[in-house]
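An overview of the molecular structure
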Amino acid sequence: MAPATAPTAHERNRARYAAILFALAVGGFAIGTSEFAMMGLMPSLVADLGVNEPQVGHMISAYALGVVVGAPLLAILGARLPRRTLLLALMGFYALANLATAFAPDYHVMLAFRFIAGLPHGAYFGVAMLVAASIGGPGQRGAAISRVMLGLSVAILVGNPLATWMGQALSWRYVFALVAAVAVLTVILVASSLVDDRAEPRQAPLREMRAFNTSQVWLTLLIGAIGFAGMFCAFSYLAPTLTEVTGTAEGWIPVAMAVFGVGSIIGNLAGGWLVDRLQFRATPVILGWSALVLLAYPLAAHSLWSMLPAVIAVGTMGALAPVLQTRLMDVAGDAQTLAAASNHAAFNAANALGPWLGGLAISAGLGWTSTGYVGAATAVGGLLVYVWARRDERRMTTALARG
């Protein structure tokens, strides 16, 4: 019997790399479960808190607003901290905020706690993406980022249906207690796998803010805020669309959430693959696909067997996240932490904009399926901003060439 050989340095580095990405992805799973659970819990929240569906949409928007506010603010405040320390603090805060959500006594307190829970979301993902990109190696940034984002996709595939089932069988309160427990697990995993890097770049907050203020950064964020709103517009009202239009029992809602998660995983992996090959040019491919999917969504909603593939297709729109995250790393210069965190602020601006626009269409009497048409319009809006960004980039390149 041959003696066992000690692992090589390469194997140790691969194992450490995998452990770090897994720890960061577990944090993404906690955040994704908390963020997207509200859609599947909509009937439970309506019954328990005595609110209506648009009011639950306001809770979704409150969380998204917390991300929009917290992402740049906490990124600036934490710019001087080691990334490991900042990740631990952010996820510890997330655990406490979700535990508080589990004990919210009424609608207005719930709104406040959802806002508070959203505050560390964007900064956590921003720092996690920078860590992943720094250990991913040349030509592998998109793949490394997509692996961390895989935690978010698995949350949609597993965590969200589980949350919906728990809301139906037990109470929505258990869902947020579970999220708090997973956040604590993330703290333990990050603390044990990630070490402080003394060579890690540190930025002064004012320097980050100056570097952040460029047209390419703002236009990239605007693409996410507008172009990604369509996915949230359709997904936020998926549960009532299934029961009121498709005519399914509530027991199908967790299945639809899981199906959406399948699409999210496909989109996340496809986005990482596309960005490593097409870079920023992957953006119009994904947004064009999104517009087509959302235009087909209202037609598919009248049958369960056409609705489920349509929900998978809506989930694939998440391919936009790693594309824009990588783009920001390329154009943000010295504002890496602030830009990476602000990407999630932009996506949660989309998370606020989508349900709000969808709620306006529904309240105007256009029906639950109108969310597909509204979402397609936002995808086209994102495409127009992409065209604007490319023209601005060519203008800057020409100006530099002329000296």
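Structure first, text after, so check above.
Predicted model, so just to flag it, every value in this text is computed and none were measured.

What counts and how
- Residues numbered from 1 in each chain as written.
- Predicted model: local features only at pLDDT ≥ 70, side-chain atom pairs only at ≥ 80, totals over all residues.
- Heavy atoms only, no water.
- Patch = residues over 30% accessible without salt bridge, like charges linked within 9 Å, V, L, I, M, F, W, Y side chains within 5 Å.
- Areas by Shrake-Rupley, 256 points an atom, 1.4 Å probe, with all protein chains shown as cover.
- Salt bridge = Lys/Arg side-chain N within 4 Å of Asp/Glu carboxyl O.
- Helix = DSSP H or I, 4+ residues; strand = E, 2+ residues; numbered from the N terminus.
- Buried < 20%, exposed > 50% of the residue type's maximum accessible area, 1.4 Å probe, protein only.
- Axes fitted to C-alpha atoms, helices over the stretch in contact; angles between N-to-C directions.
- Parallel < 35°, antiparallel > 145°, perpendicular 65-115°, else oblique.
- Left-handed = near helix turned anticlockwise from the far one by under 90°.
- Contact = heavy atoms within 4.5 Å.
- Nonpolar A, V, L, I, M, F, W, Y, C, P; charged D, E, K, R; others polar.
- Expected span 1.5 Å × (residues − 1).
- Core = buried A, V, L, I, M, F, W, Y, C linked by side-chain atoms within 4.5 Å.
- Domains from an automatic or database assignment.

Quick look at a nonpolar patch on the surface
There is a patch of nonpolar side chains on the surface, built from Leu162, Trp165, Leu170, Tyr174 and Leu178 and spanning about 510 Å² of accessible area. Of all the secondary structure elements, the ones that give two or more residues to the nonpolar patch are helix H7 (141-169) and helix H8 (172-193). Note on placement: Leu178 falls in helix H8. On the basis of relative accessibility, which here comes to 34%, the residue Leu178 falls in the partly exposed class.

What about the packing of helix H3 (residues 53-77) against helix H17 (residues 336-363)?
At their nearest, the axes of H3 and H17 sit 8 Å apart, and the two run at 165° to each other. As judged from the angle between their axes, H3 and H17 are roughly antiparallel. For the pair H3 and H17, the sense of crossing is left-handed. Where H3 approaches H17, its residues Ile60, Ser61, Tyr63, Ala64, Val67, Val68, Ala71, Pro72, Ala75 and Ile76 are matched on the opposing element by Thr337, Leu338, Ala341, Ser342, His344, Ala345, Asn348, Ala349, Asn351, Ala352 and Pro355. Broken down by class, the residue content of the contact of H3 with H17 amounts to 15 nonpolar, 6 polar and no charged.

A few points about helix H15 (residues 304-315)
Its 12 residues give H15 an end-to-end C-alpha distance of 16 Å, which sits within 8% of 16 Å, the value for a rise of 1.5 Å per residue. Restricting attention to buried positions, one finds in H15 the residues Leu304, Met307, Leu308, Ala310, Val311, Ala313, Val314 and Gly315. Residues of H15 that are buried in the fold lie against helix H11 (229-236), helix H12 (238-246), helix H13 (252-278) and helix H14 (282-300).

Re the nonpolar core
By size, the foremost hydrophobic cluster in this structure holds 110 residues, and its most contacted members are Leu24, Met38, Leu45, Leu87, Met110, Tyr124 and Leu238. Sort the elements by how many residues they give to this core and helix H1 (residues 9-40) lands first, with 12 residues. When we break this core down by domain, the ones giving at least three residues each are domain 1 (9-203) and domain 2 (205-402). With sequence-adjacent residues up to four places away left out, Leu45 is seen in contact with Met38, Gly50, Val51, Val56, Met59, Met110 and Trp172. Core analysis: the next-biggest nonpolar cluster, separate from the first, contains 14 residues, Ala75, Ala339, Ala341 and Ala346 among them.

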